[in-house]
Amino acid sequence: MGLDFLILYEHITRELESNCLLMAELQKRGYSVELMQLMSRKKLKYFLWKKPKVILTSAMYDNETLNSFVYNNVGRLNKVINLHWEEVLSREQEESSFYSLKENAAKCVHICWGQAAKDRITAHGVNQKNAVVTGALHLDFLSEAFKKHMKGKKQLAEQYQLDDSLNWTLYISSFSCASMDDTEIKELNDMTNLDFTGFREVGLRSMNTTLDWLERLLHDRKNNLIVYRPHPSEWEGLRLKQMEEKHKNFRVISELSIREWIYAADSIFSWMSTSIAEVYFLNKNCLILRPEPLYEDYDPVIYEACNAVDNYDELLNRFDGDMSVFPIEGSLIEAHYSLIPDSPAYVRIANLAEDIYHNPPYDQPFSDGYRPKFNLLKLISLYGLNLMVKLNINPMHFSWFFGKNFCGTAQRLMGYIRKARVSRSDIVKSVEEFRRIIG
């Protein structure tokens, strides 16, 4: 028996909860839906007896991503929906060909959180019919219907042994490249045709200064607890571990969705995180910490002309004073995130998926001379890496044979697999909970 919908995800904290909500809505309508992580081993069933009618991907940029996300997971399939999780970009990214959705990838159907994204990708050549404004799926959780789903400060305090009598400050990290080595940066540069080397350098400097400020704040305001939320691509480095050991009121926690922590926090600090949209719509106190200016090329467009803190004394003064004035112009955020109370995004996306399921494809991604290639090496590698993760094998034990560089790469990839693993029972539990909420 075939599968109706297959949803691919990359990061648990960014996508899983939203995907489970979408699964709940589609299952409610009688469809079969399964979830698959991008670095899971390839499954023969999705090519043969359980080939999906529609696939929903986390991103879609060019022929390479079409080949990797679709062809190498399910074979040829023209009914492709890009959930478009990397949608609010920097000015440089907006103007680049890679992030403009080029080649046959442009022929997939692309979710747009707001009119701004639709205008951008259609201006770069995506057909109007392939760019659909639905609102942002992850912002559905801010509605009244899902407030009971939020854990809140007291419940989080019990779960993570935190003191709920203190003032909680959430720091949302965007230092995604700070822990990348030269090889990873080169891979990113080659893939996007952009230069992330400078972004890593300014990120490293900003991270170090920001952590200095946070340490001083912990000393100067002892009634404050700081929860540091790493970016999904960030690894916990030595400095963060040392700060956790040194300060009882400093914790690094990457678990749960960012919404849970924004909802529970008394105040939020950000550098350039697009999660500031949730902060804005939840009407939370917020400061943007910028030890040094960000070049326009790196800065997300919703941060244009933001009112940022650039020194510690100003941080302390504004932290102690009135933080009710939001540091970003609300109209900028609202242009990129459409909130339609009577028509939540998960319903609109499910409606779109259902339309694509029952009707001919909007377009033909696998056409016009595009010749996909099956990556046998990736198939074998993912089988091996996932098996090593399951058996908890350290690849560095074999560096004497394969070499340190090869085993180091394997170790890094296994780290990404571990971070993205989630049990089937946890998925079922989340979907069942959302089924109860949406009725």
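It should be emphasised that the depicted structure is a prediction, and the values quoted were computed from it without experimental measurement.

(A) Region of interest: the overall build of the protein. Counting its secondary structure elements, the protein contains 17 helices and 12 strands. Whereas a compact globule of 439 residues would reach a radius of gyration of roughly 22 Å, the protein reaches 22 Å, a difference of no more than 12%. Considered along the principal axes of its C-alpha atoms, the protein spans approximately 60 × 60 × 40 Å. Relative to its 439 residues, the protein shows a buried fraction of 54%. Restricting to contacts in the protein with at least 6 residues of sequence separation, those with at least 24 account for 74%. For the protein, the computed accessible surface area is about 19,900 Å², with 51% contributed by carbon and sulfur atoms.

(B) Representation of the pairing of strand S1 (residues 3-9) in the model. Judged by how many residues are buried, S1 sits mostly within the fold: 7 of 7 residues are covered. Bridge analysis of S1 against strand S3 (residues 52-57) gives 4 bridges, and the strand direction is parallel. Counterpart to leucine 3 in the pairing with S3 is proline 52. The pairing of S1 with strand S2 (residues 33-37) spans 5 bridges and is parallel. Across the sheet, residue isoleucine 7 finds its bridge partner in S2, namely leucine 35. Note that the unit made of S1, helix H1 (residues 12-28) and S2 has a crossover that is right-handed.

(C) Inspection of the sheet that holds strand S9 (residues 250-252) at higher detail. With parallel pairing, 6 strands are arranged side by side in an open sheet as S9-S8-S7-S10-S11-S12. Across the chains shown, the open sheet's two edge strands, defined by having one partner strand only, are S9 and strand S12 (308-309). Bridge count for strand S11 (residues 285-289) against S12 is 2 bridges, and the pairing is parallel. When the bridges of S12 are listed, leucine 289 appears paired with valine 309.

(D) Structural detail: the environment of alanine 265. Along the chain, alanine 265 falls in the loop between helix H9 (258-264) and strand S10 (267-270). Classification of alanine 265 by relative accessible area gives buried; the value is 3%. Taking the C-alpha atoms as reference, alanine 265 lies 8.8 Å from valine 227; in sequence the two are 38 residues apart. Excluding anything up to four places from it in sequence, alanine 265 contacts Trp168, Leu170 and Lys284.

(E) Summary view of a positive patch on the surface. A surface patch of positive charge is lined by Arg41, Lys390, Arg418 and Arg421. By secondary structure assignment, the location of lysine 390 is in helix H14 (residues 376-391). Taking the relative accessible area as the measure of exposure, lysine 390 reaches 68% and is therefore exposed.

(F) Region of the structure containing unusual backbone geometry. Of note in this structure, leucine 101 is not a glycine but carries a positive phi near 65 degrees. Turning to its location among the elements, leucine 101 is positioned in the loop between helix H3 (91-95) and strand S5 (109-112). On the basis of relative accessible area, leucine 101 is assigned to the buried category, the value being 2%. Phi is positive for glutamine 161, which is not a glycine, with a value near 55 degrees.

(G) Spotlight on the packing of aromatic side chains. Taken as a whole, this structure holds 30 aromatic pairs when the rule is applied. Geometrically, the ring pair formed by tryptophan 85 and tryptophan 113 is edge-to-face, given 6.3 Å between the ring centres and 70 degrees between the ring planes. Here tryptophan 85, found in the loop between strand S4 (80-82) and H3, pairs with tryptophan 113, found in the loop between S5 and helix H4 (115-123); they are 28 residues apart in sequence, far enough to count as distant. A single burial state applies to tryptophan 85 and to tryptophan 113, both of which are buried. Geometrically, the ring pair formed by phenylalanine 199 and tryptophan 271 is stacked, given 5.9 Å between the ring centres and 20 degrees between the ring planes. On the criterion of sequence distance, the pair formed by phenylalanine 199 in helix H7 (residues 197-220) and tryptophan 271 in the loop between S10 and helix H10 (276-281) is long-range, its members being 72 residues apart. By the ring-pair criterion, three or more aromatic residues cluster together here, those being Tyr171, Phe175, Phe196, Phe199, Tyr228, Phe250, Trp271 and Tyr298.

Procedures and definitions
- Residues numbered from 1 in each chain as written.
- Predicted model: local features only at pLDDT ≥ 70, side-chain atom pairs only at ≥ 80, totals over all residues.
- Heavy atoms only, no water.
- Helix = DSSP H or I, 4+ residues; strand = E, 2+ residues; numbered from the N terminus.
- Rg over C-alpha atoms; globule rule 2.2 N^0.38 Å.
- Buried < 20%, exposed > 50% of the residue type's maximum accessible area, 1.4 Å probe, protein only.
- Contact = heavy atoms within 4.5 Å.
- Areas by Shrake-Rupley, 256 points an atom, 1.4 Å probe, with all protein chains shown as cover.
- Pairing = 2+ DSSP bridges.
- Right-handed = clockwise from strand over helix to strand, strands pointing away.
- Patch = residues over 30% accessible without salt bridge, like charges linked within 9 Å, V, L, I, M, F, W, Y side chains within 5 Å.
- Salt bridge = Lys/Arg side-chain N within 4 Å of Asp/Glu carboxyl O.
- Lys, Arg positive; Asp, Glu negative; His and termini not counted.
- Charge placed at Lys NZ, Arg CZ, Asp CG, Glu CD.
- Phe/Tyr/Trp six-rings, centres within 6.5 Å; stacked < 30°, edge-to-face > 60°.

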